[in-house]
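Report on the structure
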Amino acid sequence: MRVHPYKLAGQPVEIKIPQNADDLRDFRRWWVDHAQAGTLVGFDTETTGLDWYSGDFRVRLVQFGDETTAWVIPVERGQPFLNEAHLALARLPNLVAHNLTYDALVADKHLGVSLEDIYSRATDTRILGHLLDSRQDFEGGVGLSLKPLSAFYIDPSAPDTQGDLTSVFRSLGLTKATGWAGIPLEHPTYELYAGLDAILVARLLPKLRDRYAAEGLRLALIPYEHRVALVCAKMQRRGMLIDPAYTAGLVERLADERRHYEAVAAEYGVTSVNAPKQVAAALLGMGEVLTDKTATGALAVGKEVLLPMADMGTDWARLDMRAPNPLADAVLRAKRAGKWSTSYAEAMLTNVDVDNRIHPSINPLGAQTGRAAHSNPPLAQLPSKGWQIRRCVVAEPGSVYFSVDQAAVELRVLAALSRESRMISAIAAGKDLHGFAAEMMFGEGFTTGQRTLAKIAGLGTAYQGGAVTLAKQTGQPVPVMKDTLARYGRAFPGIKRWARAMQRQALAERCTMTTLVGRRLHLDRDKLYKSVAYACQSTARDTMGQALINMDDQGLTPFLAMWVHDEVVGTAPKKDAKDVAEACAKAMKMTLNGVPLDTDCEVYGPSWGDGYGLPEEWAYVN
């Protein structure tokens, strides 16, 4: 038995590493005692990387710990160690982990203990940390990773186990990417820090629970968030099938597209679309007005500046607000082609498993408001229109893709929270909310452009985009957007009254606000106006979280592939797809403060791209 002594918060702790069968028997006595007593045990894994589904992925260490002792089981050494780690993980009734989904997926795939089983017995300290204060440490909060949480709640001198190991990797001639697989299994720092994480998380959970109770936060949010996390983990585990041949071809086509638009940009004197000074000079020469500046004082020509110049919204759809600037359009499209190739097409080919499935990560608490974040690849960042990337993702043989989304959820949530009577009446009457708003703002004979302005004003109000911000996004003059927002405010006066009341309440509550479901959010004192955006975004997220739970309760999760904001997509056998989609739509329907949150469902075809205008020549046949 190797033992590493250490001190946490002035108290001695031990990290034990079994070397043989006798040592494993000692470990068994330890975990059996904990299992019989039902006491809390921290759980963690050390692996060769993050892609738990890849063919060359390995679990190296499995750690268990209470507040004073950790056991680091070197499962890479062989079956006896793996068997004992499996038994302990399968039978300990009271587990805690930080970022539970990752370790649970690892256990499900490689340790023989199912995702569902672990979630039924485990708590995630990251979830509690987020519910207590959803800000990162650099945003003024405690932080959400194990290091800052441990430093705040346990010991200010608690080591940054991952950060310090990176230094060890460099000393061994390894990188952060190769270090986890390449560091010797018996390296003392590797073993010590692996064990400390299990002890830290076992100490952290009681502290978080005590703080949670002391601050009077809603207890029901804890099991709710764990349930949402489990549904997301199930979707990650299932993954999404891709068409490798199409995806490889897309890489080549995107390279051609990038070269084409780079050539267009060159016609205007821009030799590199990634040279902001060149782009800015050329645009000024074309008569465009540039006012935004970067932190260094240079003229800004980022996406948020170029999109309105190209007459496109953030979804890359035409705004019909101005004549598109051809250089802005070319720069955007060249850069997008490069990003799409790297972030999506190439990433899919790199991260595909042996069954040609990708497993995009879904962090259900990815933002301060609780809104989910996606990565590997970041599918939620795809524009709301466009089939090229989505065509990479295909259904299983004999199956088709379907989609279910909450209809106009931003405005319905805004109406429900503000109790704006005119908007609620329009929803009850089944009216097109953007058209209704345009009529209220501009009269019965409103134009298509005025309807677009009404839509921009509505979404801007829900997400607190002021006149300057909306002007940048649309390319419209600031006075036009000020007038538009003023018209919207007069059309729906209840929203402004509600917003002012929320800001007063947030100021009285030390720049915090509590959402309808009881989630506490922190606001900057000089940005209390964000309370409207926070309330709408967080509440919309929580309605979708409840929808995921409803679908899971009804056995529909095995059909789901991805959750993207107010939408879920999935696959089902072609003969059943309509029924499955309608069942999901029914499970997603609910009311919020008496306002109905309706749903739309659609069956696409054998690829995700079929729902986005996929040309017939690119159709996938399964």
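Structural notes, computed from the coordinates. Being a predicted model, the structure only gives us computed values, none of them experimental.

With respect to the overall build of the protein chain
- When helices and strands are counted, the protein chain shows 23 helices and 20 strands.
- On C-alpha atoms alone, the protein chain measures out to a radius of gyration of 27 Å, which is about the 25 Å that the 2.2 N^0.38 rule sets for 622 residues.
- Counting only C-alpha atoms, the protein chain reaches 85 × 60 × 55 Å along its principal axes.
- Here the analysis covers contacts within the protein chain between residues at least 6 apart in sequence; of these, 66% occur between residues at least 24 apart.
- Total accessible area on the protein chain is roughly 26,200 Å²; 51% of this is exposed by carbon and sulfur atoms.

Topic: the pattern of salt bridges
- Inspection of every chain in the model, using the stated rule, returns 34 salt bridges.
- Salt-bridge contacts for D552 lead to K234; the nearest nitrogen and oxygen are separated by 3.0 Å. Taken as a pair, D552 in helix α22 (residues 531-553) and K234 in helix α10 (residues 221-238) lie far apart in primary sequence, 318 residues in all. For the residue pair D552 and K234, the accessibility class agrees, reading buried in each case.
- A salt bridge links D329 to R318; the shortest N-O distance between them is 3.6 Å. Of this pair, D329 sits in helix α14 (residues 326-351) while R318 sits in the loop between α13 (303-309) and α14, and the two are 11 residues apart along the sequence.
- According to the relative accessible area criterion, D329 is buried, its value standing at 12%.
- Residue classification places R318 among the partly exposed positions, given a relative accessible area of 40%.
- Connected via shared salt-bridge partners are E225, R519, R541 and D542.

Concerning the sheet that holds strand β17 (residues 567-573)
- Strand order in the open sheet made by the four strands is β16-β17-β13-β20, with antiparallel pairing throughout. The open sheet has two edge strands, β16 (560-564) and β20 (599-603), and neither has a second partner. Within this sheet the neighbouring strands show an average axis-to-axis angle of 20°, counted without direction.
- Here five bridges tie strand β13 (residues 399-406) to β20, and the two strands are oriented antiparallel to one another. Directly across from V404, in β20, lies its bridge partner C601.
- Packing of helix α23 (residues 577-588) onto the sheet brings it into contact with β13, β16, β17 and β20, and relative to β13 it is tilted by some 20°.

Quick look at the nonpolar core
- Residues F64, L548, M551 and W563 are the most contacted members of the largest nonpolar core, which totals 174 residues.
- With 12 residues, helix α9 (residues 188-214) is the largest single contributor of residues to this core.
- The contact partners of M551, leaving out residues within four places of it in the chain, are L556, T557, L560, V568, C584, A587 and M588.
- One finds V270, L327, A328 and L332 within the second-largest nonpolar core, a separate group that totals 22 residues.

Some points on the sheet that holds strand β1 (residues 2-8)
- Spatial strand order, β1-β2-β5-β4-β3-β6-β7: seven strands in an open sheet with mixed pairing. Each edge of the open sheet is held by one strand with a lone partner, namely β1 and β7 (122-124). Taken over all neighbouring pairs, the strand axes of this sheet differ in orientation by 25° on average, direction set aside.
- Contacting β3 (41-47), β4 (59-65), β5 (69-73) and β6 (95-97), helix α2 (residues 79-91) runs over the sheet at an angle of about 40° to β4.

Points about the packing of aromatic side chains
- By the definition in use, this model includes 14 aromatic pairs.
- When the ring of F27 is compared with that of W30, the centres are 6.1 Å apart and the planes differ by 20°; the resulting orientation is stacked. Note that F27 and W30 are positioned in helix α1 (residues 21-37) at a spacing of three residues, about one turn of the helix.
- Overall, W30 belongs to the buried group, its relative accessible area being 12%.
- With 5.2 Å between their ring centres and 85° between their planes, W52 and Y53 make a pair best called edge-to-face.
- The exposure class of Y53 is buried, given its relative accessible area of 5%.
- Taken together, the ring pairs in this structure connect F27, W30, F43, F64 and W71 into an aromatic cluster.
- Over the ring of W340 we find R336, and its NZ or CZ is 4.2 Å from the ring centre.

Some words on helix α11 (residues 244-266)
- With 23 residues, α11 extends 33 Å between its outermost C-alpha atoms, agreeing within 8% with the 33 Å of an ideal straight helix rising 1.5 Å per residue.
- Among the residues of α11, Y246, T247, G249, L250, V251, L254, A255, V264 and A265 are the ones counted as buried.
- Among the structural elements, β8 (240-242) and α14 are those in contact with the buried residues of α11.

Quick notes on unusual backbone geometry
- For the peptide bond that leads from N376 to P377, omega is -5°, which places it in the cis range.
- Tracing the sequence through the fold places P377 in the loop between β11 (373-375) and β12 (393-394).
- In this structure, D311 is a non-glycine residue whose phi angle is positive, near 60°.
- On the secondary structure map, D311 appears in the loop between α13 and α14.
- Here D320, not a glycine, exhibits a phi torsion of approximately 55°, which is positive.
- Examined against the element boundaries, D320 turns out to sit in the loop between α13 and α14.
- For D320, a relative accessible area of 63% gives the class exposed.

A few points about the environment of D197
- Structurally, D197 is set in helix α9.
- Distance from D197 to T45, taken between C-alpha atoms, is 9.5 Å for residues 152 residues apart in sequence.
- Among residues more than four places away in sequence, those in contact with D197 are D44, E46, L146 and T161.

Focus: the pairing of β4
- The element β4 is largely enclosed, with a buried count of seven among its seven residues.
- Sheet analysis places β3 next to β4, joined by six bridges and oriented antiparallel. Counted as the bridge partner of G42 is G65 from β4.
- Hairpin geometry of β4 and β5 is characterised by an intervening segment of three residues between the two adjacent antiparallel strands.

The rules behind the values
Residues numbered from 1 in each chain as written. Predicted model: local features only at pLDDT ≥ 70, side-chain atom pairs only at ≥ 80, totals over all residues. Heavy atoms only, no water. Helix = DSSP H or I, 4+ residues; strand = E, 2+ residues; numbered from the N terminus. Rg over C-alpha atoms; globule rule 2.2 N^0.38 Å. Contact = heavy atoms within 4.5 Å. Areas by Shrake-Rupley, 256 points an atom, 1.4 Å probe, with all protein chains shown as cover. Salt bridge = Lys/Arg side-chain N within 4 Å of Asp/Glu carboxyl O. Buried < 20%, exposed > 50% of the residue type's maximum accessible area, 1.4 Å probe, protein only. Pairing = 2+ DSSP bridges. Axes fitted to C-alpha atoms, helices over the stretch in contact; angles between N-to-C directions. Core = buried A, V, L, I, M, F, W, Y, C linked by side-chain atoms within 4.5 Å. Phe/Tyr/Trp six-rings, centres within 6.5 Å; stacked < 30°, edge-to-face > 60°. Lys NZ or Arg CZ within 6 Å of the ring centre and 35° of its normal. Expected span 1.5 Å × (residues − 1).

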